[in-house]
Amino acid sequence: MAIKEINTDALITAIIGGIEDVKGNEITILDLREIENTVCDYFIVCEGNSNTHVNAISGSVQKKVSKALKDKPWHVEGEDNAEWVLMDYVNVVVHVFQKHIREYYDIESLWGDAKITTIESNL
């Protein structure tokens, strides 16, 4: 099986598009490239209002990335309880939280050395 190179910028654009398509909230990109020993280059963090909304965001991201880039996540966790769904696209890891779970784990503070970009929503 040949390994294909996915353009990270195109992947991030598709992921954000998938989140925005189903009105995901509070989208943040954490650039981890300047931090030593990280598991990936970027985290994309967002939140949904309910289990159903979190699953809709996750599904929309996977559909958008599949359609745009013919790629799928290497691994997905958390779809059963849909409080925190993690989608691992190797260089980019997407975290879709319910608001209270996001506040509890506070990934943005945990990775405080990362360059953080907040995406302005068109809602």
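Residues numbered from 1 in each chain as written. Predicted model: local features only at pLDDT ≥ 70, side-chain atom pairs only at ≥ 80, totals over all residues. Heavy atoms only, no water.

## A word on the pairing of strand β5 (residues 92–98)
Put simply, the rule reads: Remark: exposure states derive from per-residue accessible area (1.4 Å probe, protein chains only) relative to the maximum for the residue type, with buried under 20%, exposed over 50%, and partly exposed in between. The secondary structure listing takes helices from DSSP runs of H or I that are at least 4 residues long and strands from runs of E that are at least 2 residues long, numbered from the N terminus. DSSP calls a pair of strands paired once it identifies at least 2 bridges connecting them.
Buried residues dominate β5, accounting for 7 of its 7 residues. Of the two faces of β5, both are covered, the one formed by Val92, Val94, Val96 and Gln98 as well as the one formed by Val93, His95 and Phe97. Of the strand pairs in this sheet, strand β2 (residues 42–48) and β5 are connected by 7 bridges, and their pairing is parallel. Paired with Ile44 across the strands is Val94, a residue of β5. Looking at chain direction, strand β4 (residues 84–88) and β5 are connected through 5 bridges and run antiparallel. Paired with Val85 across the strands is Val96, a residue of β5.

## As for the packing of aromatic side chains
Short version of the rule: Pairing of aromatic side chains requires ring centres within 6.5 Å, counting the rings of Phe and Tyr and the six-membered ring of Trp. Pairs whose planes differ by under 30 degrees are stacked, by over 60 edge-to-face, and all others tilted.
Here the structure, examined in full by the defined rule, presents 4 aromatic pairs. Summarising the aromatic geometry, the rings of Trp84 and Phe97 are spaced 4.7 Å apart at their centres and angled 35 degrees between planes, so their arrangement reads as tilted. A residue pair is termed long-range when its members are at least 10 positions apart, and Trp84 in strand β4 and Phe97 in strand β5 qualify at 13 residues. In this structure Trp84 comes out as partly exposed when scored by relative accessible area, which is 27%. Measuring from ring centre to ring centre gives 4.9 Å for Tyr104 and Tyr105, while their planes differ by 85 degrees; the resulting arrangement is edge-to-face. The partly exposed category is assigned to Tyr105, whose relative accessible area is 41%. Ring pairing ties together the aromatic residues Trp84, Phe97, Tyr104 and Tyr105, which thus form one cluster.

## Brief notes about unusual backbone geometry
In this model, Glu26 sits at a positive phi of 50 degrees, which is unusual for a non-glycine residue. Within the element layout of this structure, Glu26 appears in strand β1 (residues 25–31).

## Remarks on helix α2 (residues 51–69)
Where we set the bar: To estimate the expected span of a helix, count its residues, drop one, and scale the result by 1.5 Å. The contact criterion used is simple: two residues touch if any of their non-hydrogen atoms lie within 4.5 Å.
The end-to-end C-alpha distance of α2 is 27 Å, a good match for the 27 Å that 19 residues give at a rise of 1.5 Å each. Buried positions along α2 lie against α1 (8–21), β1, β2, β4 and β5. Lys70, located one to two residues past α2, shows a positive phi value of around 55 degrees.

Distances and angles like these do not, on their own, reveal function.
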